[in-house]
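Secondary and tertiary structure notes
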Amino acid sequence: GAVVSQHPSWVICKSGTSVKIECRSLDFQATTMFWYRQFPKQSLMLMATSNEGSKATYEQGVEKDKFLINHASLTLSTLTVTSAHPEDSSFYICSPLRAAGEQYFGPGTRLTVT
Amino acid sequence: SQQGEEDPQALSIQEGENATMNCSYKTSINNLQWYRQNSGRGLVHLILIRSNEREKHSGRLRVTLDTSKKSSSLLITASRAADTASYFCATDEGAGSYQLTFGKGTKLSVIP
């Protein structure tokens, strides 16, 4: 199976700071990356879709200026939560697409904003 | 948007019993997938069923798909305590769109 890593696995930050989450596909190239958010005891909600080298497409209700996505290479995508607030506390999961229909998931990053 | 709706939301059974979870969706789909998630962890892919398939098996898992009713079921036979997790269905609409829409999930507890 494909290997996907996320770093950090968990992070605690103070309100107003920014946090960067990295997602790497270790043994395959991903032209498309999906970023999901999961609040406690809820399901995954798609935040945005990004293609390598182009701007991300954000889902309705997701602020693109707050959640900055960079997909500069086929093996690395980053999600930066800018000026984080307690309501941004969530589990963030990346999902690279290897080929048509082959979608994999990272282990997730638990963000807690105090 | 949340398309899939799982029921029940929570299910508690004894080890050795079978567990059945259902998922309904609203739009036409290309594929439907089931995932498992242990508490606080990432997703584990269980099984994919295509829109032209009606049933699929994988080990102790059996998935059915009824596109006329826009519903799917996941059956876990001879459950084990290690099966305790949340189970989600996810659909994609195909036509070049691979983004998944997840259901709300069923939290399964298997009591030893």
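Provided above is the structure to which this section pertains.
First, a word on scope: everything that follows refers to the structure included in this document. Bear in mind the structure is a predicted one, so any value in this text is a computation, not a measurement.

**Quick notes on the pairing of strand 2 (residues 10-13) of chain A**
A regular strand carries its side chains on alternate faces of the sheet. Residue and element names in this part refer to chain A. Only one face of strand 2 is buried: it carries Val11 and Cys13, and the other face, with Trp10 and Ile12, is open. Alignment of strand 2 against strand 11 (residues 109-113), held across 4 bridges, turns out to be parallel. Residue pairing for strand 11: Trp10 is matched across the bridge by Arg110.

**Structural notes on the sheet that holds strand 1 (residues 4-7) of chain A**
Residues and elements named next belong to chain A. In spatial order, the strands read 1-3-8-7; together these 4 strands make up an open sheet with antiparallel pairing. Because the sheet does not close on itself, it has two edges, and the strands there are strand 1 and strand 7 (67-70). Between one strand axis and the next, the sheet turns by 15° as a mean value, whatever way the strands run. Across 6 bridges, strand 3 (residues 19-25) lies against strand 8 (residues 76-81) in antiparallel orientation. Note that in strand 8 the partner of Glu22 across the bridge is Thr78.

**Digging into the packing of aromatic side chains**
A full pass over the atoms with the stated rule returns 7 aromatic pairs over all chains. A centroid spacing of 5.9 Å and a plane angle of 75° characterise the contact between A:Phe105 and B:Phe102, whose relative ring orientation is edge-to-face. Taken together, the positions of A:Phe105 in the loop between strand 10 (102-103) and strand 11 and B:Phe102 in strand 10 (residues 101-102) put the pair across two chains. Taken together, a centroid distance of 5.7 Å and an interplanar angle of 45° make the contact between B:Tyr35 and B:Phe102 tilted. Placement of B:Tyr35 in strand 4 (residues 31-37) and of B:Phe102 in strand 10 is noted, with a sequence separation of 67 residues between them. B:Phe102 matches B:Tyr35 in its accessibility class, with the two residues each being buried. An aromatic cluster is present here, built from A:Tyr36, A:Phe105, B:Tyr35 and B:Phe102 joined pairwise through their rings. Sitting over the face of the ring of A:Phe28, A:Arg98 holds its NZ or CZ atom 5.6 Å from the ring centroid.

**With respect to the sheet that holds strand 6 (residues 55-58) of chain B**
Strand pairing in a sheet relies on backbone hydrogen bonds, with the paired strands running either antiparallel or parallel. All names here are of chain B. Strands sit in the order 1-3-8-7-6 across an open sheet of 5 strands; the sheet is antiparallel. For this open sheet the edge positions go to strand 1 (5-7) and strand 6, each flanked by a neighbour on one side alone. The mean inter-strand angle of the sheet, taken between neighbouring strand axes irrespective of direction, is 15°. Across 3 bridges, strand 1 lies against strand 3 (residues 19-24) in antiparallel orientation. If you follow Glu6 over to strand 3, its bridge partner there is Cys23.

Cut-offs applied
- Residues numbered from 1 in each chain as written.
- Chains lettered and ligands numbered in written order.
- Predicted model: local features only at pLDDT ≥ 70, side-chain atom pairs only at ≥ 80, totals over all residues.
- Heavy atoms only, no water.
- Buried < 20%, exposed > 50% of the residue type's maximum accessible area, 1.4 Å probe, protein only.
- Helix = DSSP H or I, 4+ residues; strand = E, 2+ residues; numbered from the N terminus.
- Pairing = 2+ DSSP bridges.
- Axes fitted to C-alpha atoms, helices over the stretch in contact; angles between N-to-C directions.
- Phe/Tyr/Trp six-rings, centres within 6.5 Å; stacked < 30°, edge-to-face > 60°.
- Lys NZ or Arg CZ within 6 Å of the ring centre and 35° of its normal.

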